[in-house]
Amino acid sequence: MIQIRQATLEDLPEITTIFRDTIRAVNSKDYSEKQIEVWSSDADNLEEWKDRIENLYFLVAEFKGQIAGFAYLKNGFHLDGLYVHKDFQRRTIGSKLLRIMESRATANGYEVLKSDISITAFPFFDSHYYEVEKRHKKNYKGLAFENIIVYRDL
Ligand SMILES: CC(C)(COP(=O)(O)OP(=O)(O)OC[C@H]1O[C@@H](n2cnc3c(N)ncnc32)[C@H](O)[C@@H]1OP(=O)(O)O)[C@@H](O)C(=O)NCCC(=O)NCCS
């Protein structure tokens, strides 16, 4: 059984490990080695992760006491991160987290959920009826990442 709960600071090591490993194992099929190195090294920015856990709507999905995925919402309607453990891909965890984030955005008074996603995640969002607002190159630490801004009217 998957259980969804609010993240706490105790989850920090598991969250950053999932972030690093998922990018290296899953997103690596769509981005260069250098991009993957730079992106996944964000896992080391512990102050930023602490700030997210403490100040955003930040959920983890747990399976038998292990964190299998996480997601966080910014500004009430912006899905700022959604990562599923590399060993738990395609087991509906992403869908469960997304649905709760959509409900939360609605409860916050918004009629849309938006996200700036990796090209790797596009088939997932497409299967959840998200529309493309624009494809763009996101500049991060001197590298240009091919990303897609998607949204869904709630
Ligand atoms: C995108 C992501 C969060 C999806 O999580 P998930 O738990 O694997 O997704 P689900 O099991 O809920 O998938 C639901 C449906 O989405 C679609 N889908 C998901 N991943 C897909 C893929 N790689 N290719 C095609 N369709 C996909 C399928 O229709 C799937 O249903 P199915 O498995 O019955 O065919 C996960 O793959 C991930 O962590 N990706 C890397 C990190 C990332 O890019 N995050 C996005 C924000 S930058």
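Everything discussed here concerns the structure shown above.
Being a predicted model, the structure only gives us computed values, none of them experimental. (Residues numbered from 1 in each chain as written. Predicted model: local features only at pLDDT ≥ 70, side-chain atom pairs only at ≥ 80, totals over all residues. Heavy atoms only, no water.)

**Details of the pattern of salt bridges**
Now for step 1: Applying the stated criterion across every chain yields a total of 13 salt bridges.
Now for step 2: Asp11 is the salt-bridge partner of Arg5, the closest N and O atoms lying 2.9 Å from each other.
Now for step 3: Asp80 is the partner of Lys74 in a salt bridge, and the nearest nitrogen-oxygen pair spans 3.9 Å.
Now for step 4: Shared partners join several salt bridges into a network, and the residues in it are Arg5, Asp11 and Glu62. (Salt bridge = Lys/Arg side-chain N within 4 Å of Asp/Glu carboxyl O.)

**Observations concerning the layout of surface pockets**
Now for step 1: The calculated volume of the largest pocket comes to roughly 1200 Å³.
Now for step 2: Taken together, 42 residues form the lining of the largest pocket, with Asn27, Leu82, Tyr83, Ser118 and Ala121 sitting closest to its centre.
Now for step 3: Classifying every residue of the lining of the largest pocket gives 18 nonpolar, 14 polar and 10 charged. (1 Å grid on protein atoms, 1.4 Å probe; cavity = no way out; pocket = protein on both sides within 12 Å on 5 of 7 lines; lining within 4 Å. Points joined across faces, edges and corners; volume = space filled by probe spheres on them. Nonpolar A, V, L, I, M, F, W, Y, C, P; charged D, E, K, R; others polar.)

**Quick notes on the site of the ligand**
Now for step 1: Taken together, 18 residues surround the ligand, and among them Gln89, Arg90, Gly94, Ser95 and Ser118 come closest.
Now for step 2: At 2.8 Å, a backbone N or O of Leu82 approaches a nitrogen atom of the ligand.
Now for step 3: Take Ile93: an N or O atom from its main chain is 3.5 Å from an oxygen atom of the ligand.
Now for step 4: Contact with the protein chains removes 75% of the 920 Å² of surface that the ligand exposes when unbound.
Now for step 5: Here the ligand occupies the largest pocket.
Now for step 6: When residues of the shell around the ligand are traced back to their parent elements, those giving at least two are strand E4 (78–84), helix H4 (93–107) and helix H5 (122–127).
Now for step 7: Classifying every residue of the shell around the ligand gives eight nonpolar, eight polar and two charged. (Near = heavy atom within 4 Å. Polar contact = N/O pair within 3.5 Å; in protein donor to acceptor, adjacent residues only side chain to side chain. Areas by Shrake-Rupley, 256 points an atom, 1.4 Å probe, with all protein chains shown as cover. Sits in = over half its atoms within 2 Å of the grid points. Helix = DSSP H or I, 4+ residues; strand = E, 2+ residues; numbered from the N terminus.)

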